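Okay, here's what each chain looks like letter by letter:
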Amino acid sequence: MAEAENLVAEIENLGEKLSRAKAEIAARFIGQEEVVDLVLTALLSGGHGLLIGQPGLGKTLLVETLATVMGLDGSRIQFTPDLMPADILGSEVLEKKKGGEREFRFIEGPVFCQLLMADEINRASPRTQSALLQAMQEKEVTIAGQHRALGKPFHVLATQNPIEQEGTYPLPEAQLDRFLLQIEVTYPKRDVERDILLATTGVEDAQAQQVFNAEDLIAAQTLLRRMPVGESVVELILDLVRSFRPEDEKAPEITRNAVSWGPGPRAAQAFMLAARARALLDGRLAPSADDVAHLARPVLMHRMALGFAARAQGQDAGALIDQVTSDVIRRARAGEAAA
């Protein structure tokens, strides 16, 4: 009983701290509460986020503000076609000592940080993109045969412009799967854009204050994994993920006809962690079916693909995710009611 009470108290304290963090972020990144919640969800879950949106929507500003508020050591890489893996990871240089001896010294690249912004990640070649694969999954890199640990915690927030396709290299599925969430950054509403206009064209820009530090974030990630998840939510996650695999015997007809390949186990893991984080941000002690439904697009959009025929017919992956998710949740609730 005492352990449960302590867990509740810790969750409530963390929820209050997260509310302060969101208020500080909102001081500079005005509006777009859903985007802020999803980015914080990725960090609390210990994962990475892929932000997709047109230029000029504040994606870079959001990441910079997040580094300040969360107290993380941040780095930024502008991805370009001529960027090389060594520009990200670092390299060894040969130095001459005073005595005439020579030795190699390793110069760390920008990946040795706690929060890495990979700006326009799809502009770099696949060879350079692959430099982040090991870093994102194992939180370390191998250079010249030596394993070098990255910062703790280590998160990648990458941006991608969906408009321009010329001179870009689509991210491979293996790398997309390593992003916990795909976050769509859309145009702000009129009243929000008015607030942005007034706040950013004055003499001084608003400044955000630090609320967390690296140790606080690591503790929050540990606490999140201790949050209870109901059996019904676990079963719902499994039903939902498997409903998007066309080869699954219980997959709906629309999935069999439209989906070329579906999400793997990382999608279910992402649901489990992100649903807890969303409940935490909302001040609740455990996730619900609504949390799972709300996260369906961010978790699944980059982990599945429509077949050629479905694309030719103009079908949309987001609309398909919404439809199948709605059907799965309706059946789950009907089963609970019958029981």
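Preceding this section is the structure that the text describes.
Per-chain numbering applies: the sequence of each chain, read as written, is numbered from 1 onward. At least 70 in pLDDT is required for a residue's local features to be given in this predicted model, at least 80 for side-chain atom pairs to be given and counted, and no such filter applies to totals for whole chains, interfaces and linings, which use all residues. As a rule here, side-chain values cover all heavy atoms of the structure and leave hydrogens and water aside.

A. Geometry of the overall build of the chain. Working definition: helices are DSSP H or I runs of at least four residues, strands are E runs of at least two. Numbering for both runs from the N terminus. Secondary structure assignment for the chain yields 16 helices and eleven strands. Along the three orthogonal principal directions, the C-alpha set of the chain runs to about 85 × 50 × 45 Å. Counting every position in the chain, which comprises 339 residues, the buried fraction comes to 45%. Once local pairs closer than 6 in sequence are excluded, the contacts in the chain between residues at least 24 apart make up 76%. If you sum the accessible surface of the chain, you get close to 17,200 Å²; carbon and sulfur atoms cover 50% of it. Each residue's exposure class comes from its accessible area (1.4 Å probe, protein chains only) as a fraction of the maximum for that residue type: buried when under 20%, exposed when over 50%, partly exposed otherwise. Only heavy atoms enter the contact rule, under which two residues are in contact if any of them lie within 4.5 Å. Note on areas: Shrake-Rupley, 1.4 Å probe, and residue coverage restricted to the protein chains presented here.

B. Region of interest: unusual backbone geometry. Pro153 follows Lys152 through a cis peptide bond whose omega is -5°. By the secondary structure assignment, Pro153 is in the loop between strand E7 (146–149) and strand E8 (155–160). Of note in the backbone geometry, Gln32 takes a positive phi value of approximately 55° without being a glycine. By the element assignment, Gln32 lies in the loop between helix H1 (2–28) and helix H2 (33–44). Assessed through its relative accessible area of 16%, Gln32 is described here as buried. Residue Lys139 is not a glycine yet carries a positive backbone phi of 60°. Mapped onto the secondary structure, Lys139 falls in the loop between helix H6 (133–138) and strand E6 (140–143).

C. Just the layout of surface pockets, in detail. A volume near 680 Å³ is recorded for the largest pocket. Looking at the largest pocket, it is lined by 24 residues, and the ones nearest its centre are Ile52, Gln160, Leu176, Gln182 and Met301. Among the secondary structure elements, those contributing two or more residues to the lining of the largest pocket are strand E1 (49–52), helix H7 (173–176), strand E11 (305–306) and helix H16 (317–338). Class assignment of the residues belonging to the lining of the largest pocket gives a composition of twelve nonpolar, eight polar and four charged. Here a cavity is any set of points on a 1 Å grid over the protein atoms alone where a 1.4 Å probe fits but cannot get out, and a pocket is any open set with protein on both sides within 12 Å along at least 5 of 7 lines; a residue lines the site when it has an atom within 4 Å of a point. Grid points are joined across faces, edges and corners, and a volume is the space filled by probe spheres set on the points. Gly falls in the polar group here, along with every residue not listed as nonpolar (Ala, Val, Leu, Ile, Met, Phe, Trp, Tyr, Cys, Pro) or charged (Asp, Glu, Lys, Arg).

D. The pattern of salt bridges, seen in detail. Salt bridge criterion: a side-chain nitrogen from Lys or Arg within 4 Å of a carboxyl oxygen from Asp or Glu. Scanning all chains against the criterion turns up 15 salt bridges. Members of the salt-bridge network, linked through shared partners, are Arg278, Asp282, Arg284 and Asp291.

E. Focus on the side chain of Arg276. Residue placement: Arg276 occurs in helix H12 (residues 265–281). One polar contact links the side chain of Arg276 to the main-chain carbonyl oxygen of Met227, over a distance of 3.2 Å. If sequence neighbours within four positions are ignored, Arg276 has contacts with Leu224, Arg225, Met227, Val229 and Pro287. N or O atoms within 3.5 Å of each other form a polar contact, as long as, within protein, one can give a hydrogen and the other can take it, and as long as residues adjacent in sequence are counted only when both atoms are side-chain atoms.

F. Summary view of the side chain of Arg303. Of note, Arg303 is situated in the loop between helix H14 (296–300) and E11. For Arg303, the side chain forms a polar contact with the side chain of Asp177, separated by 2.7 Å. Ignoring any residue separated from it by four or fewer positions in sequence, one finds Arg303 in contact with Asp177, Phe179, Leu180, Trp261, Gly262, Pro263, Arg266, Ala267 and Ala270.

G. Region of the structure containing the pairing of E6. Burial along E6 is one-sided: Val141 and Ile143 are buried, while Glu140 and Thr142, pointing the other way, are not. Between E6 and E7, which follow one another and run antiparallel, lie two residues, and Ala144 among them has a positive phi close to 55°. Paired strands are those between which DSSP finds at least two bridges.

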